Amino acid sequence: MSHLLEVRNLTVDFHTAQGTVHAVRDVSWHLDRGECLAILGESGSGKSVSASAIMNLIDCPPGEIVTGEILFEGADLLKKSGEERRQLNGKRIAMIFQDPLSHLNPVYTVGFQIEEIMTAHGWPADKARARCLELLERVGIPDFANKVDAYPHQFSGGQRQRLMIAMALALKPDILIADEPTTALDVTVQAQILALLEELQRETGMGLLLITHDLGVVAEVADRVVVMNSGQIVETGSAAEVYRAPAHPYTKKLIGAVPGGGDMAQPLDTGIAPILEINGLSKHYGAFAALDNASLTVLPGETVAIVGESGSGKSTLAKCLLRLEEASMGEALWQGRDLVTMPARDLFEMRRDIQMVFQDPTQSLNPRMSVYQIISEAWAIHPDILPKPQWKERVRDLLEQVGLSADHMFRYPHQFSGGQRQRIAIARALALEPKLIVCDEAVSALDVSIQAQVIELLTRLQDELGLSYLFIAHDLPLVRDFAHRVVVMQGGRIVEQGPVAQIFDAPRMNYTRNLMAASLHPDPEVQAERRAARDAIKEAS
Amino acid sequence: MAVSENSGTIPETPPAWLSILKMLWRDKFALCAAVFLTVIVLCAIFGPMFLEDQAMRNNLRGRNAPPFDFSKDWKFWLGGDALGRPLLARIIVAAQNTMMVAAGAVLFSMAIGTGLGLIAGYTSKLGSQIIMRLADVIMSFPSLLLAVIVLYMLSPSVTNLIIVLAITRIPVYLRTTRAEVLEIRERMFVQAAQVMGASTWRIVFRHILPVVFPTLVTIATLDFAFVMLAESSLSFLGIGIQPPEITWGLMVAQGRPYLTNAWWLSFMPGLAIILTTLSLNLLSNWMRTALDPVQRWRLEIARKKK
């Protein structure tokens, strides 16, 4: 029997100035009607390349499809003309992307953009309008009759992804390709979008091709999974099988790196005086309270995690603490002295004790400075830490401490991978010999296996140097393994805080329970239980 | 990128000037441009010293002498002007005034405009407002008209010409710098520097200016040609450089009545203007690549490709 879509022995090369890169090598997989196939891989594994080849999105040159065929209902897409493929794209095979904001045109209304798909394939305008309204209702846009004439910026991230789905489904495609559809979204929204995709798939019987790096997403929706590593398929099988009995070492490593399985840390002895004590910290923008009356303490050598969805005020808390934003009210006592009202001169001294590691190392490292310059800048600013002749030695030591080598000293940030860049950012923070490091989503831009390495590094540094961390994250399993105590935030407020075991095993607040239920577990069976729990919460409320 | 094993040794880096020369060697266009500009600068410095007399000497037998007549003295190879003065010598001598006015005006306006732009972009709203409105005043006034009025009041001289042209070009740099600063100051690495306790001074000059700089250099090279032509317009009106002093712009203007029978009078100095601007553009293009660590590999691997 022939499959709905079949990729056979596909090899794609990219010719770059540094030589030829084999993006995918001899890749074969197939997708049937009504099934969900997940392509799982880390960044650079080539997981998106075969989808791009299907949609004719590979730029040739620099790309080149060397060998292989892509059979859609038995006919090879690669042999068709551009015009024939345009007829299929959008109509029979549709695609949704990771970042819906950059794929919606900001100057047209969403209604226009959804209808455009249909009119481009020859539908009359009134019929397209009717179908558009029907779709908006189906994907769950509230007040859809009015919202159809709104612009993309007037929707939230989750709604925008729903709009993209509506757009993709307009012509009832046989195949929907979803490239990291939920990566940019909060956990609770992610769960909703995945549920919607599943429902729609069941309704229409289309084939769903899901490209993701997240084992949890695979466990939630996929029937079968293809695991890719550096351009090659290392393992294929049903989602449950692959998780239960991974055959390839890479898959084992990937599953092993997933956080959330380790022992939870014991709370530290509360007898010690806290190093940081925040009392009633608030930040108002006009009448809007981004941060409302937040209070928490951090002990020396302790990791306090702050979790919450986007807009919950967790980053605002960090910014107020570091005086990147001025707090409106409240105090933050650092070893007994108030950071919020501290004069600039004392603040300069305080900067040595509290450092920050940012979310995206690509942006937080100055692209025009070498690693040596980036790290040694700390001592240029605080000259009393280290005299200049010793800078090179110390940079080397710091680089080795974070798992890089002295060779890297005179390279520039763009020459490193994401994980290495974050190590550089950590080395920079360590250069000032701080007591507290604020990590603002410090690992969320990294691949799972790299994430695990960076967390390991942070744990080791904590043991060696007695550091405290204020660890801001949205990824709950990660927090479970790493934190001593957890603070849950919602809408600018702290709704619950306590030792990590208490928050994860016996959450008191509904919001926390919701958050727990929405987070995805890599085990398909556990995930099925969670889904049941989530439905129970939904029915109860 | 693989982590190599031989840790512990700190790598040696070659001296900066050597790698700059290497990168210049890789880009042959930029190399030609650099050589040409060096020649022009040498002409500007030493030309008047040796050739002033010849450039001013009338020679009625050589009136409108055609170019490329190699039987004549080398100074007449590019022809002679309406009074029989050798064009080549005059172009060499005129390089001094031209370069002084153009480079002076461009450097002044770039320095002042960038400085004010950095202040406007990085300080309070009030300071920024004042600076921006001042820039608006300058911009809303036609720059040549402003120059005419000021030069009419002051005596026309090289210094005054530089000042006037510099003032009229300030807003270009100011607005560009401010717009870029407003965007760059929100970037994460600026926040990272703040967290380390970096002073405003350090953030502006170490983190923001290097990112804005390539854009400013590109504008400056384009402006170079504009200033040369503006200077020639003013000179043509009689309020810029006055004969017997010469500039390339003035030579173009002086050749205009003879365009039909002696085209080289305007063409040769015009060619000098074009080649200078072109060289500056090529060199600034090279510099933009060389200054940017992300782009630098284009110059470092160019040889392997060939």
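Note: the structure precedes this text.
What counts, and where the lines are drawn
Residues numbered from 1 in each chain as written. Chains lettered and ligands numbered in written order. Predicted model: local features only at pLDDT ≥ 70, side-chain atom pairs only at ≥ 80, totals over all residues. Heavy atoms only, no water. Helix = DSSP H or I, 4+ residues; strand = E, 2+ residues; numbered from the N terminus. Contact = heavy atoms within 4.5 Å. Polar contact = N/O pair within 3.5 Å; in protein donor to acceptor, adjacent residues only side chain to side chain. Buried area = accessible area lost by both parts, 1.4 Å probe. Salt bridge = Lys/Arg side-chain N within 4 Å of Asp/Glu carboxyl O. Nonpolar A, V, L, I, M, F, W, Y, C, P; charged D, E, K, R; others polar. Core = buried A, V, L, I, M, F, W, Y, C linked by side-chain atoms within 4.5 Å. Buried < 20%, exposed > 50% of the residue type's maximum accessible area, 1.4 Å probe, protein only. Phe/Tyr/Trp six-rings, centres within 6.5 Å; stacked < 30°, edge-to-face > 60°. Pairing = 2+ DSSP bridges. Axes fitted to C-alpha atoms, helices over the stretch in contact; angles between N-to-C directions. Left-handed = near helix turned anticlockwise from the far one by under 90°. Patch = residues over 30% accessible without salt bridge, like charges linked within 9 Å, V, L, I, M, F, W, Y side chains within 5 Å. Areas by Shrake-Rupley, 256 points an atom, 1.4 Å probe, with all protein chains shown as cover.

Asks: Before we move on, can you summarise the environment of leucine 216 of chain B with the specific residues and values?
Replies: All names here are of chain B. On the secondary structure map, leucine 216 appears in helix α8 (residues 200-236). In this structure, the C-alpha to C-alpha distance between leucine 216 and asparagine 285, residues 69 residues apart in sequence, is 12 Å. Other than its neighbours up to four places away in sequence, leucine 216 contacts Met110, Thr114, Tyr173 and Thr177.

Asks: Got a sec to walk through the environment of histidine 484 of chain A? Specific residues and values, please.
Replies: Residues and elements named next belong to chain A. For histidine 484, the location among the structural elements is in the loop between α19 (476-482) and β19 (485-490). Along the chain, histidine 484 and serine 48 lie 436 residues apart, while their C-alpha atoms are 37 Å from each other. The residues contacting histidine 484, other than those within four sequence positions of it, are Ala265, Gln266, Leu268, Gly301, Glu302, Thr303, Gln462, Pro499 and Val500. At 2.9 Å, the side chain of histidine 484 forms a polar contact with the backbone nitrogen of threonine 303.

Asks: Please provide a residue-by-residue account of the interface of chain B and chain A, values included.
Replies: On the chain A side, the residues contacting the 33 residues of chain B number 40 residues. Summed over both sides, the interface of chain B with chain A buries roughly 3400 Å², with 62% coming from carbon and sulfur. For the interface between chain B and chain A, the tally reads two salt bridges. For the salt bridge of glutamate 377 of chain A with arginine 202 of chain B, the shortest nitrogen-to-oxygen distance reads 2.9 Å. Where chain B touches chain A, the interface holds nine residue pairs in polar contact (both at pLDDT 80 or more). Elements supplying a minimum of two residues to the side of chain B that touches chain A: α7 (188-196) and α8 of chain B. The element contributing the most residues to the side of chain B that touches chain A is α7 of chain B, with seven residues. Taken together, the residues of the side of chain B that touches chain A sort by class into 19 nonpolar, 10 polar and four charged.

Asks: Can you lay out the environment of aspartate 27 of chain B for me, pointing to particular residues and giving the numbers?
Replies: All names here are of chain B. Checked against the element boundaries, aspartate 27 lands in the loop between α1 (16-26) and α2 (28-56). As a C-alpha pair, aspartate 27 and leucine 42 span 15 residues in sequence and 23 Å in three-dimensional space. Ignoring any residue separated from it by four or fewer positions in sequence, one finds aspartate 27 in contact with Trp286 and Leu299.

Asks: Go over the nonpolar core, please, and point to the residues and values.
Replies: In this structure, Trp379 and Phe471 of chain A together with Trp248 of chain B are the most contacted members of the largest nonpolar core, which totals 123 residues. When residues of this core are assigned to their parent elements, the largest contribution, 15 residues, is made by helix α3 (residues 87-122) of chain B. Filtering out sequence-adjacent residues up to four positions away, phenylalanine 471 of chain A remains in contact with Thr303, Val304, Ala305, Ile306, Cys439, Val443, Ile455, Leu458, Leu478, Val479 and Phe482 of chain A. In terms of nonpolar packing, the next biggest core, distinct from the first, is built from 55 residues, Ala94, Met118, Ala170 and Ile255 of chain A among them.

Asks: Describe the packing of aromatic side chains, naming the residues involved and giving the relevant values.
Replies: All names here are of chain A. Under the counting rule described, the total for this entry stands at eight aromatic pairs over all chains. On the basis of an interplanar angle of 20° and a centroid distance of 4.7 Å, the ring pair of tyrosine 108 and phenylalanine 112 is categorised as stacked. The exposure class of tyrosine 108 is partly exposed, given its relative accessible area of 39%. The class of phenylalanine 112 is partly exposed, set by a relative accessible area of 39%. Ring centres of tyrosine 372 and phenylalanine 410 lie 5.6 Å apart, and the angle between their planes is 45°; on these two criteria the pair is classed as tilted. Here tyrosine 372, found in helix α15 (residues 371-381), pairs with phenylalanine 410, found in the loop between α16 (391-401) and α17 (418-431); they are 38 residues apart in sequence, far enough to count as distant.

Asks: If you had to explain the side chain of threonine 188 of chain A to someone new, which residues and values would you point to?
Replies: All names here are of chain A. Looking at the secondary structure, you find threonine 188 in helix α8 (residues 187-204). Residue class for threonine 188 comes out buried when judged on its relative accessible area of 18%. In this view, threonine 188 contacts Glu309, Asn514, Leu515 and Ala518; residues no more than four positions away in its chain are not counted.

Asks: Let's hear about the sheet that holds strand β2 (residues 19-31) of chain A: which residues, and what values?
Replies: Each strand in a sheet pairs with its neighbour through backbone hydrogen bonds, running either in the same direction (parallel) or in the opposite one (antiparallel). Residue and element names in this part refer to chain A. Strand order in the open sheet formed by four strands is β2-β1-β4-β5, and the pairing between neighbours is antiparallel. The open sheet has two edge strands, β2 and β5 (75-76), and neither has a second partner. Here strand β1 (residues 5-16) runs beside β2; their pairing, made up of nine bridges, is antiparallel. Across the sheet, residue phenylalanine 14 finds its bridge partner in β2, namely valine 21.

Asks: Residues and numbers for the packing of α3 of chain B against helix α6 (residues 158-184) of chain B, please.
Replies: All names here are of chain B. With their axes 5 Å apart at the nearest point, α3 and α6 run at an angle of 35° to one another. In this structure, α3 crosses over α6, and the sense of that crossing is right-handed. Looking at the contact of α3 with α6 residue by residue, the class counts come to 21 nonpolar, eight polar and two charged.

Asks: Now, about a nonpolar patch on the surface: what can you tell me, with residues and values included?
Replies: Residue and element names in this part refer to chain B. Residues Phe68, Leu259, Trp263, Phe267, Leu271, Leu275 and Leu278 make up a contiguous nonpolar surface patch of about 650 Å² in total accessible area. As for its position among the elements, phenylalanine 68 is in the loop between α2 and α3. By relative accessible area, which is 48% here, phenylalanine 68 ends up partly exposed.

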